[in-house]
Amino acid sequence: MDRQVAMQGQSLVETATPVAPRLSSVARRRQIREKLIAGFITVMAFTGIAALVLILVFVAKEALALFLEEEARKEASLSKMFLPQVVRAGKPAAFVWQPVSSVPKVSMIPLFIGTLKTTLVSMVVAVPVGVAGALFAAEFAPRKLREVLKPTIELLAGIPSVVLGFFALMVLASFMQDTFGLSSRLNAVVAGLGLSLAIVPVIFTVAEDALTSVPRSYREASLALGATPWETAWKVVLPAAAPGILAACVLGFGRAIGETMIVLMASGNAAIVSASLSDSVRSMSATIAAEMGEVVVGSPHYSLLFFIGVELFLFTFILNMLANVWTRKVLKRLSGAGA
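Residues numbered from 1 in each chain as written. Predicted model: local features only at pLDDT ≥ 70, side-chain atom pairs only at ≥ 80, totals over all residues. Heavy atoms only, no water.

Draft legend 1. Representation of the layout of surface pockets. Reported here for the largest pocket is a volume of approximately 190 Å³. In this structure, the largest pocket is lined by 15 residues; those nearest its centre are Lys80, Gln85, Val103, Pro104 and Lys105. Mapped by element, the contributors of at least two residues to the lining of the largest pocket are helix H4 (70-75) and strand E2 (105-106). Counted by class, the lining of the largest pocket contains 9 nonpolar, 2 polar and 4 charged residues. (1 Å grid on protein atoms, 1.4 Å probe; cavity = no way out; pocket = protein on both sides within 12 Å on 5 of 7 lines; lining within 4 Å. Points joined across faces, edges and corners; volume = space filled by probe spheres on them. Helix = DSSP H or I, 4+ residues; strand = E, 2+ residues; numbered from the N terminus. Nonpolar A, V, L, I, M, F, W, Y, C, P; charged D, E, K, R; others polar.)

Draft legend 2. Structural detail: the packing of aromatic side chains. Enumeration over the complete set of coordinates arrives at 8 aromatic pairs. Seen from their ring centres, Phe58 and Phe306 are 5.5 Å apart, and the 85 degrees between their planes marks the pair as edge-to-face. In this pair, Phe58 is assigned in helix H2 (residues 19-63) and Phe306 in helix H15 (residues 300-335), connecting sequence segments 248 residues apart. Take Phe58: its relative accessible area is 43%, and that puts it in the partly exposed class. A relative accessible area of 10% means that Phe306 is categorised as buried. For the pair Phe82 and Phe112, a centre-to-centre distance of 6.0 Å together with 25 degrees between the ring planes defines the contact as stacked. A residue pair is termed long-range when its members are at least 10 positions apart, and Phe82 in helix H5 (residues 78-82) and Phe112 in helix H6 (residues 109-140) qualify at 30 residues. In this structure Phe82 comes out as partly exposed when scored by relative accessible area, which is 31%. The rings of Phe58, Tyr302 and Phe306 are connected pair by pair, giving a single aromatic cluster. (Phe/Tyr/Trp six-rings, centres within 6.5 Å; stacked < 30°, edge-to-face > 60°. Buried < 20%, exposed > 50% of the residue type's maximum accessible area, 1.4 Å probe, protein only.)

This is how it looks when you write it as structure tokens:
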């Protein structure tokens, strides 16, 4: 009996012995496959970062000629770009953008003002509409209506910007001039309204995702304390989703400040220093699009257009930094860490 048991144990050992190497080889192949997948993902991530860095290096390299070349410094120095210059003898100094002339005038101030006015109009219109639409879709809309409303608004993001610019040029411009009697048919208001059509889907989508991600317990606790659904949405859900809504506004601002075709077609492209929104304007991005195709490569004007691109990057970078700082403060306050 003992001999039979010993033989059975030996057979079990013999049959179990090859299983361990087989299992170890399977685990080894699985580890190699996971390492390859992780390496591929890492390479793709660093490829995106490398592409961004190379773009910035290329743009900055072309813009550095303004500070390294003597001819470029004479034609487009920092004082000429940011300080008023005497355009004609006997007349006061002014800010003028006219880089192609016998005496180039390269003031950035008209471009700053034009960009600011169009972006301001677009954000004033798009932020309330986008956030209010997201709040309605997330808190008050019936399920069937939400399933129709959200894809319809997001569909606007797929409309080409040139189509929106053509709509603003042919429809909005005539409507605004006939209704309000604006002095210029193409102006900052028309360009800003056209921009808002492109920004609303971005703000709506991100804000709606932020609102729906607020824990349901927040709503239930507010309603249990006697608050109405509107008070809950306005005083509980909206503040809790504030970081996501801010991110939506930042994305919308970045889209507005960098949009080209809508502003190029609907703004009038006149570099005018004026506080009136009814005057034609010329934005920084539209200036690059309008003049890059005809500029002489290597000229001061060429480097100046790349310098405008660097400025646009700095604007969006600083805005994102400020938004991140504000978001962290809001999160600390909501979590009670700042108390």
